[in-house]
Structures are given as structure tokens and as C-alpha cells.
Amino acid sequence: MTQAMKMSRLYAPTLKEDPAEAELASHKLMLRAGMIRKAASGLYSYLPLAWRTLRKIEAIVREEMDGIGAQECLLPILIPAEYWHESGRWDAYGPEMMRVTDRHGREFCLGPTHEEGFTDLIRNELKSYKQLPCTLYQIQDKFRDEMRPRFGLMRGREFIMKDAYSFSATQESLQVIYDDMKGAYARICERCGVHALPVAADSGEIGGDTSVEFMALADAGEAALVYCDDCGYAADEEAAVSTVAVSEGPGSGELERVYTPGLGTIEAVAEFFGFPENGTRKSLALIDGEGKPVVAIIPGDHELNEIKAGKAFGSFHLMTEEELNETGLHKGFIGPVNLPEGVRLVCDESLRASKSWTCGANEVDYHFTGACPGRDFEVDVWADLVTVREGDPCPHCGRPLKGARGIEVSQVFQLGTKYSEAMGATFVGEDGKERPLIMGCYGVGVSRTLSAVIEQHNDENGIIWPVQIAPYEVSVIALDKKGEAFDAASDLADKLAAEGIETVFDDRAERPGVKFADNDLMGFPYQIVVGKRGFKNGTAELKNRATGDREDVALDEVVAKVAALVRAERMPYAG
Ligand code: ATP
Ligand code: MG
């Protein structure tokens with residue numbers, strides 16, 4: 001019969017103090033709760049509590065993968081260099097790839113990802129359209145010699161990944177699998193208790209997306225995101241399409257030259273006119289990738305986005321004082337009207353509809369109000385140039401965007417024929433013609449998901465596990481070291497275990513305060529406290545870790561009650 005785990009036996013060495021090396025809540029709490037220990041930089045041992053949760057995350061991932069018809073396998077971690085030479089990634093991957101040489105001098109890598117491995121696996125045997133589509137996956141340790149391994153399991157050098165690869169005969173088939181994967185990934189997040197947003201990682205040429213990252217919202221996240229609560233739009237701040245709302249500037253709408261002595265900044269100009277910064281126009285002088293001068297104009301309260309500017313201008317730089325002088329521009333007073341000969345004018349899309357700009361007059365100490373594109377100056381190119389931020393209108397529905405930080409927990413990707421062409425993985429179609437397989441790849445950071453869950457579920461006392469992935473669902477805490485009440489607690493724990501509820505019995509000869517602190521730190525969702533006083537009244541105290549609610553429950557009812565609560569929250573595969 002299944003027994004409750006005795007806390008006195010549980011290998012979970014806790015720490016009283018926050019470890020100095022840890023910055024993030026998840027990293028600190030996993031070390032403090034005795035879940036992980038560092039073996040070397042970016043290499044961690046998973047102790048029993050972490051491993052139990054990881055196996056539950058894996059089980060959820062398996063169910064969801066099997067549910068959409070993907071089949072599990074396991075390939076060697078060591079991958080021969082030849083395959084990577086074929087794909088061209090042996091050199092392209094760089095120092096992140098961990099390389100190994102065997103006794104015969106043959107080169108291998110420790111797989112950082114497995115496109116090459118899987119493409120090689122199938123290339124001689126997945127040869128007919130009749131066998132397609134086919135999706136294979138594995139759950140395995142991956143190795144990446146990250147430049148900055150950090151934040152515990154968040155960015156490790158060895159980490160657990162579920163990686164899947166699909167092989168299709170047609171783009172339509174790939175699209176179906178890709179959409180199924182997106183659905184499965186959303187459910188994996190939900191079932192693990194991770195609040196994540198699907199974020200387009202690129203915008204496909206045919207419309208729609210060809211890669212989506214699932215971003216767990218957390219202040220500790222490395223990515224800055226904007227998202228819309230109303231329509232579900234979400235994007236990386238850098239990549240988000242800008243539709244900044246701009247106000248018109250002051251003045252009558254006629255072009256007016258205004259004396260603005262020494263007012264060379266947006267703040268000063270806005271203050272001078274008593275107008276919001278958004279009603280002014282920021283002019284940036286730069287030299288584009290071809291060495292030609294450009295003036296870029298954006299809303300006064302926004303910033304030029306490096307990535308978007310790179311697309312518009314090539315490898316550009318802001319003009320130096322010397323370059324400004326040579327071009328005949330005046331720092332702080334640059335604008336679109338009366339630009340020196342040969343300077344290209346590129347303006348942000350959001351300004352297109354605006355007819356009254358407040359901007360520099362290309363003359364020291366002067367600004368224009370009421371400058372109107374088409375009437376007072378000509379724009380060479382309109383382009384999306386600025387970084388979107390919280391409060392800007394959603395490009396899909398126009399409601400204000402929210403800002404958040406995110407942790408990438410998983411990603412789906414349409415690969416097309418990149419690897420199949422490079423490695424000769426072809427199939428024969430219904431028409432008898434040979435073509436390269438159309439591939440997709442799909443990765444879940446299993447160990448990173450563990451970090452993300454804890455980032456989203458903790459308080460000052462420790463971890464707050466969602467039931468479905470808690471290392472143990474219930475802990476029974478005996479306040480006494482022995483005696484009737486202790487025996488009753490032990491009995492409850494074993495009854496719960498016999499019911500199939502994963503239970504820890506805190507049997508340690510510790511003070512109650514220590515026990516409460518450890519059980520909260522380890523985050524068991526339901527805690528049943530049995531002491532002498534309650535025992536006399538025939539009750540135990542039931543505590544809900546997430547809400548902090550406590551109630552007295554009759555000793556002979558508590559097992560059924562807690563078992564029902566746990567079962568209701570387990571969230572099985574919905575198919
Ligand atoms: P990142 O941008 O964070 O480096 P990535 O985009 O390079 O990640 P992928 O190649 O998409 O990562 O790998 C699939 C998943 O594996 C990621 O979504 C992430 O959850 C996880 N992952 C990637 N690198 C690491 C790492 N160093 N430690 C832990 N998990 C990782
Ligand atoms: Mg990724």
C-alpha cells in the first residue's frame with residue numbers, strides 16, 4: 001500500500017537564509033526548499049521535490065503531445081558532427097555548442113536541439129506520402145554553453161526540453177500540425193498553472209504567424225511585451241507594430257516660426273508651448289547604411305526603435321556634432337521644413353494623419369508650429385520607426401496596450417524545407433515526384449517551466465504549488481512529537497496516501513513554528529494540522545496554502561474532504 005512520505009526522511013535540505021548567489025524568487029526558493037543544488041555554473045541536480053514536479057510537468061507534456069498524435073522516442077544526446085556539417089550549423093552554432101571528440105578522433109556535439117538528429121533518423125525511411133504526416137518528440141537533456149548561465153533553472157547549460165519535429169508533404173498539413181501544437185502548448189501552460197501569452201515571434205509572409213513564443217508573464221522575464229486584454233494581441237515590445245496616437249500641435253494650423261531661445265529638447269519645447277510631449281515631433285539626424293544623411297521624425301514622446309530603424313536605414317548611426325555641421329543641421333532645432341539639400345526625410349507612420357506639427361525650424365533658436373506634410377514639406381518615406389509601449393493603442397482593436405515582462409517557456413516554429421533540403425530528406429509524392437519534406441519544430445522548456453511556475457506562484461513565505469504539479473498535494477503536520485494526536489496525524493496521512501493522494505507526513509521533532517515555515521516554504525497546497533487541543537475536540541485544522549484560509553474539520557471527515565478538493569483541482573487531459 002502507498003504510504004505517506006515521512007518528512008524526517010525526505011531529502012530536502014532547506015536553507016534558513018536567502019542564498020547570496022540567487023536573484024530571482026524561483027531560484028532562491030528552489031535552493032531554500034531543498035529542491036535543487038548547483039553542481040557547477042548552469043548545471044543543477046534535481047532533488048526529490050523538484051524531480052517529482054518535473055515528472056508531473058513531463059506527464060502533462062506527454063499527454064498533450066500524444067493527444068495530438070505525436071509519438072515519443074528518445075535519440076542519443078551525442079550527435080555526430082557530420083549531420084551538422086550537412087545543415088551548415090557546425091560552424092554557425094558557435095561557442096554555445098558543446099563539442100566532444102571520441103577516442104577515434106570523431107567529433108560530436110551534445111545536442112543543443114535536434115533538427116539534425118531527427119532529420120537523419122527519418123531520411124532513409126520516411127519516404128512516401130503515404131507515411132505522412134509524422135510527428136515525433138522526445139523529452140531529453142539539452143546542452144547549451146550559454147554565455148551567461150543564470151537564474152537557476154531559467155538559463156542553464158544543461159536543461160530539460162521536450163522537442164518535437166513534424167514532417168509533412170504539404171504546407172497545409174504543416175499548418176494543421178502547427179496549429180494543433182499551439183493549442184497543446186496553451187493547454188500545457190494552463191495545466192502547469194503558468195499564465196502565458198502566445199506572442200508572434202515573426203510575422204509570416206503569407207499573413208498569420210510562422211513562429212510563436214509562449215511567454216509566461218513575470219517581472220523577472222527577460223522579454224518586454226505589450227499585450228491587449230480585449231482582443232488577445234501580444235507582441236515583443238521591439239517587434240510590436242506601432243500605431244501611436246498623436247495629438248496635433250499648438251497654433252492655428254498655419255505655419256508659424258516661433259522664437260524658442262535655447263529650447264533644444266522635447267521637454268523644454270513642450271513646456272514652452274504648454275503642450276503634451278506627444279503634440280511635438282522629435283527629429284533625429286542620422287547617417288544611413290549607405291552613408292547618406294537622413295532626418296527621421298517620430299512622435300515627441302516615443303523612442304526610435306533600433307530594430308525597426310535598422311530595417312529602414314540599414315546599419316545606421318546618429319550623426320556626430322561634426323556630421324551635423326557638415327550637413328547644415330542644428331542640434332535641438334532639426335525639423336522637416338527647409339531641410340538642407342540631399343537630406344532624406346523619413347517619418348513615422350503614426351504622424352501621417354497629423355496636419356499640424358510642432359518641430360525644429362532648421363535654424364538655431366527657432367521652432368515651427370503648424371507645419372503640415374504635403375503643404376510645407378514632402379516626406380520621402382513613411383515607416384514604422386518607434387518602440388511601442390504600454391498605453392499605446394492596440395494595432396488590432398485600438399484599445400490601450402498593457403506592458404509586461406515575459407519568460408519564454410516554449411516556442412513553435414515552421415521550418416519549411418531548410419533541413420530536409422540540406423540533408424536530403426525527401427519523399428515521393430502521389431504524383432511520383434520526389435520533394436523535400438516540409439518540417440516544423442516545437443520546443444517546451446520543461447525545467448524552465450518549473451522556474452516560471454514558481455515565479456508566478458510564491459509569496460513571502462515560499463512556494464504556492466498549483467495542485468496539478470505540486471511535488472506532494474497534501475502535508476499532514478503533527479504538532480506533537482508522540483502520543484495520541486501524533487498517531488492520529490500519522491493515521492490521517494496514511495489514509496490519504498491510500499486514497500491515492502500524494503501526502504507528506506511531517507513527523508519531525510521540531511517546534512510547530514519551524515514545521516509551519518517549512519511546509520509553507522515547500523508550498524504544499526493543502527496542509528492538515530493535528531495538535532492535542534484539536535484532537536480532544538475531534539478536529540484537525542485544514543489550511544489552504546494559496547488563500548491562507550483555515551478551517552476546523554472533523555477528524556473523521558478530513559480525508560474525504562481533502563481528497564475531494566485535490567481531485568477537483570488535478571485538471572486531467574481534456575482531449
Ligand atoms: P532563449 O531565447 O531564452 O535563449 P531559445 O529561443 O534559444 O531560448 P529554443 O531553442 O526555442 O530556445 O528552445 C526551446 C525552449 O527551451 C525555450 O522556449 C526555453 O523554454 C527552453 N530553453 C532554451 N534555452 C534554455 C536554457 N539555457 N535553460 C533552460 N531552458 C532553456
Ligand atoms: Mg525560442
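Residues numbered from 1 in each chain as written. Chains lettered and ligands numbered in written order. Predicted model: local features only at pLDDT ≥ 70, side-chain atom pairs only at ≥ 80, totals over all residues. Heavy atoms only, no water.

### Notes on the nonpolar core
With 63 residues, the main nonpolar core has Met35, Met65, Tyr185, Tyr442, Leu450 and Trp465 as its most contacted residues. Considering each element in turn, this core owes the most residues, nine residues, to helix α6 (residues 171-192). Three or more residues apiece are contributed to this core by two domains, here domain 1 (25-241 + 403-455) and domain 3 (465-569). Residues Val476, Leu496, Ala497 and Val558 belong to the second largest nonpolar core, which totals 25 residues. (Core = buried A, V, L, I, M, F, W, Y, C linked by side-chain atoms within 4.5 Å. Buried < 20%, exposed > 50% of the residue type's maximum accessible area, 1.4 Å probe, protein only. Helix = DSSP H or I, 4+ residues; strand = E, 2+ residues; numbered from the N terminus. Domains from an automatic or database assignment.)

### Considerations on the site of ligand 1
Taken together, 14 residues surround ligand 1, and among them Arg144, Glu146, Arg155, Gly156 and Glu408 come closest. In this structure, Glu146 approaches ligand 1 through a side-chain N or O atom, which is 2.7 Å from a nitrogen atom. In this structure, Val409 approaches ligand 1 through a main-chain N or O atom, which is 2.9 Å from an oxygen atom. The protein chains hide 81% of the 590 Å² of surface that ligand 1 would expose on its own. Mapped onto the shell around ligand 1, the elements with two or more residues apiece are β9 (158-168) and β22 (402-416). Broken down by element, the shell around ligand 1 gets its largest block of residues, four residues, from β22. (Near = heavy atom within 4 Å. Polar contact = N/O pair within 3.5 Å; in protein donor to acceptor, adjacent residues only side chain to side chain. Areas by Shrake-Rupley, 256 points an atom, 1.4 Å probe, with all protein chains shown as cover.)

### With respect to the sheet that holds strand β21 (residues 381-383)
Within a sheet, each strand pairs with its neighbour through backbone hydrogen bonds, oriented either parallel or antiparallel. Across the sheet, five strands lie side by side as β17-β15-β16-β18-β21; this open sheet has mixed pairing. Of all the strands in the sheet, the pair left with one neighbour each is β17 (317-318) and β21. The sheet contact formed by strand β15 (residues 281-287) and strand β16 (residues 293-299) spans seven bridges and is antiparallel. Across the sheet, the residue bridging to Ala285 is Val295, located in β16. Helix α8 (residues 306-313) rests against β15, β16 and β18 (344-348) of the sheet, and its axis sits at about 145° to β18. (Pairing = 2+ DSSP bridges. Contact = heavy atoms within 4.5 Å. Axes fitted to C-alpha atoms, helices over the stretch in contact; angles between N-to-C directions.)

### Considering the packing of aromatic side chains
Inspection of every chain in the model, using the stated rule, returns 11 aromatic pairs. Measuring from ring centre to ring centre gives 5.9 Å for Tyr46 and Trp51, while their planes differ by 15°; the resulting arrangement is stacked. With centroids separated by 5.0 Å and ring planes inclined at 90°, the aromatic side chains of Phe272 and Phe273 adopt a geometry described as edge-to-face. According to the relative accessible area criterion, Phe272 is partly exposed, its value standing at 42%. Through a chain of ring-to-ring contacts, three or more aromatic side chains come together here, namely Trp357, Phe377 and Trp382. (Phe/Tyr/Trp six-rings, centres within 6.5 Å; stacked < 30°, edge-to-face > 60°.)

### A word on the pattern of salt bridges
If the charged atoms of two oppositely charged side chains come close together, the side chains can form a pair. What the rule picks out here adds up to 42 salt bridges. Put simply, Arg399 and Asp230 hold a salt bridge, and the shortest N to O gap is 3.9 Å. Here the residue Arg399 occupies a position in the loop between β21 and β22, and Asp230 occupies one in the loop between β12 (223-227) and β13 (234-236), the gap between them amounting to 169 residues. Here Arg570 ties to Glu473 by a salt bridge, and the two come within 2.8 Å at their closest N and O atoms. In this pair, Arg570 is assigned in the segment after α15 (555-569) and Glu473 in the loop between β27 (462-463) and β28 (474-478), connecting sequence segments 97 residues apart. Here Arg570 falls in the partly exposed class, since its relative accessible area comes to 29%. Judged by its relative accessible area of 2%, Glu473 is buried. Salt bridges here are not isolated pairs; linked through shared partners, they connect Glu63, Glu64, Arg187 and Arg191. (Salt bridge = Lys/Arg side-chain N within 4 Å of Asp/Glu carboxyl O.)

Geometric values such as these leave the question of function open.
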